[in-house]
Amino acid sequence: MAKKKKCPEFENHERWLVAFADMMTLLFALFVVLYAIATADSEKLKKVSESVQKAFGVESKEEGPEGTPRGNNLNEGIFKKIRGNTNRDSLLTRNRRETTAIISADFKKLERELFDRLYGKKPYPEQEKQARENRVVYVNRDPDGIRVTLLARKFFKASSTGLNDEARAVLAGVAASVKGMNRIVRVEGHTDNLPFNANGLTNWELSAGRAASVVRYFIESHKFDRQMIYAAGFADTKPVASNDTPENRALNRRVDIKILYDTPSEEAPASEEPVGEDGGKKTEDINKSESP
């Protein structure tokens, strides 16, 4: 019996129309976009361009009235306004204010405590006047901490780095007050600008030696932590008065006990008030001596 022939399959010769239709659709969309750009409002397009440049801080080459350049500085772009930088600036500002408040409170407390230790809690008017005239210890507030100034004429012999016996009684009160603050202390030695060369020492060795003597006394007699106190000598490089008179040179011969704080503050004004609440004479008005 003869085998039945299979009917041939129908072949679609119009499949190309699908791809052609897709291509025509894309070309139509392209021409629509090109037409829209060609007929765009040039003023609006210019404003959009300037807005983008301003957001990213790009300088414009165009000039405004009277030849002034237009556009923003790079530091004023969009990246300056991000949340992270704003929070960081606020945190730094808050830390400065907190540090300033702490320094101010500690300054007033230390000033009152030192006056009570050195001159008594309630001195008679005559005793208070005499204390002001003979005062050699001053408390000052610096931007980065508190400074206790000791005039050298009271604490050291002439041309010597060793503490005299009279100084130890005063230093005992200073040491007790400073130790109670529980902060890092830098003891600074200072001299006047007169040439000094005794026993092979210059002003550098003299200033450093006097600072080291105070540090040694604090550690040995008052058990200061060795890691919380150190000495530094500055010779005549940081005067507090001009060196034109013997009185002013006596002011520059001093030892500063600097109480340091973790974060320096630019907002804390320096204070030159003397110890006590009486508003007595400043450091420049104290009685001086010519001995180093």
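Notes on the structure in this doc start here. (Residues numbered from 1 in each chain as written. Predicted model: local features only at pLDDT ≥ 70, side-chain atom pairs only at ≥ 80, totals over all residues. Heavy atoms only, no water.)

1. Thoughts on the nonpolar core
Ile146, Val148, Phe155, Val174 and Phe218 are the most contacted members of the largest nonpolar core, which has 36 residues in total. Taken together, the elements giving at least two residues each to this core come down to α3 (83-119), β3 (137-142), β4 (145-151), α5 (152-155), α6 (165-179), β5 (185-190), α7 (203-222) and β7 (254-260). With sequence-adjacent residues up to four places away left out, Phe155 is seen in contact with Val136, Val137, Leu150, Gly162, Leu163, Asn164, Ala167, Val170 and Leu171. (Core = buried A, V, L, I, M, F, W, Y, C linked by side-chain atoms within 4.5 Å. Buried < 20%, exposed > 50% of the residue type's maximum accessible area, 1.4 Å probe, protein only. Helix = DSSP H or I, 4+ residues; strand = E, 2+ residues; numbered from the N terminus. Contact = heavy atoms within 4.5 Å.)

2. Here's the deal with the packing of aromatic side chains
A complete count under the given rule lists three aromatic pairs for this structure. On the numbers, 6.1 Å between centres and 65° between planes, the contact of Trp16 with Phe20 is edge-to-face. In this pair, Trp16 and Phe20 are both assigned in helix α1 (residues 16-38), four residues apart and thus about one turn of the helix distant. Given a relative accessible area of 53%, Trp16 falls into the exposed group. For Phe20, a relative accessible area of 40% puts it in the partly exposed group. With a centroid separation of 4.9 Å and an interplanar angle of 20°, the aromatic rings of Phe218 and Phe224 are classed as stacked. An identical accessibility class is assigned to Phe218 and Phe224; each is buried. The structure contains a cluster of three or more aromatic residues connected by ring pairs, namely Tyr217, Phe218 and Phe224. One Lys or Arg, Arg141, reaches over the ring of Phe107 and ends 5.5 Å from the middle of that ring. (Phe/Tyr/Trp six-rings, centres within 6.5 Å; stacked < 30°, edge-to-face > 60°. Lys NZ or Arg CZ within 6 Å of the ring centre and 35° of its normal.)

3. Digging into the pairing of strand β6 (residues 229-233)
Here five bridges tie β5 to β6, and the two strands are oriented parallel to one another. Bridged to Gly189 within β6 is Gly233. Since β5 and β6 lie parallel, the crossover through α7 that links them has a hand, and here it is right-handed. (Pairing = 2+ DSSP bridges. Right-handed = clockwise from strand over helix to strand, strands pointing away.)

4. Remarks on unusual backbone geometry
You will see that Lys223, though not glycine, has its phi angle at about 55°, which is positive. Topologically, Lys223 is positioned in the loop between α7 and β6. For Lys223, a relative accessible area of 61% puts it in the exposed group. A positive phi angle is found at Ala235, which is not glycine, with a value near 50°. Structurally, Ala235 is set in the loop between β6 and α8 (246-252). Of the residues examined, Ala235 reaches a relative accessible area of 1% and is grouped as buried.

5. So, the sheet that holds β3
Here we have five strands laid out as an open sheet, ordered β3-β4-β7-β5-β6, and mixed in their pairing. Edge positions in the open sheet fall to β3 and β6, since each of these has one partner strand only. For this sheet, the mean inter-axis angle between neighbouring strands, taken without regard to orientation, is 20°. Packed onto the sheet, α7 meets β5, β6 and β7 and runs at close to 165° relative to β6. (Axes fitted to C-alpha atoms, helices over the stretch in contact; angles between N-to-C directions.)

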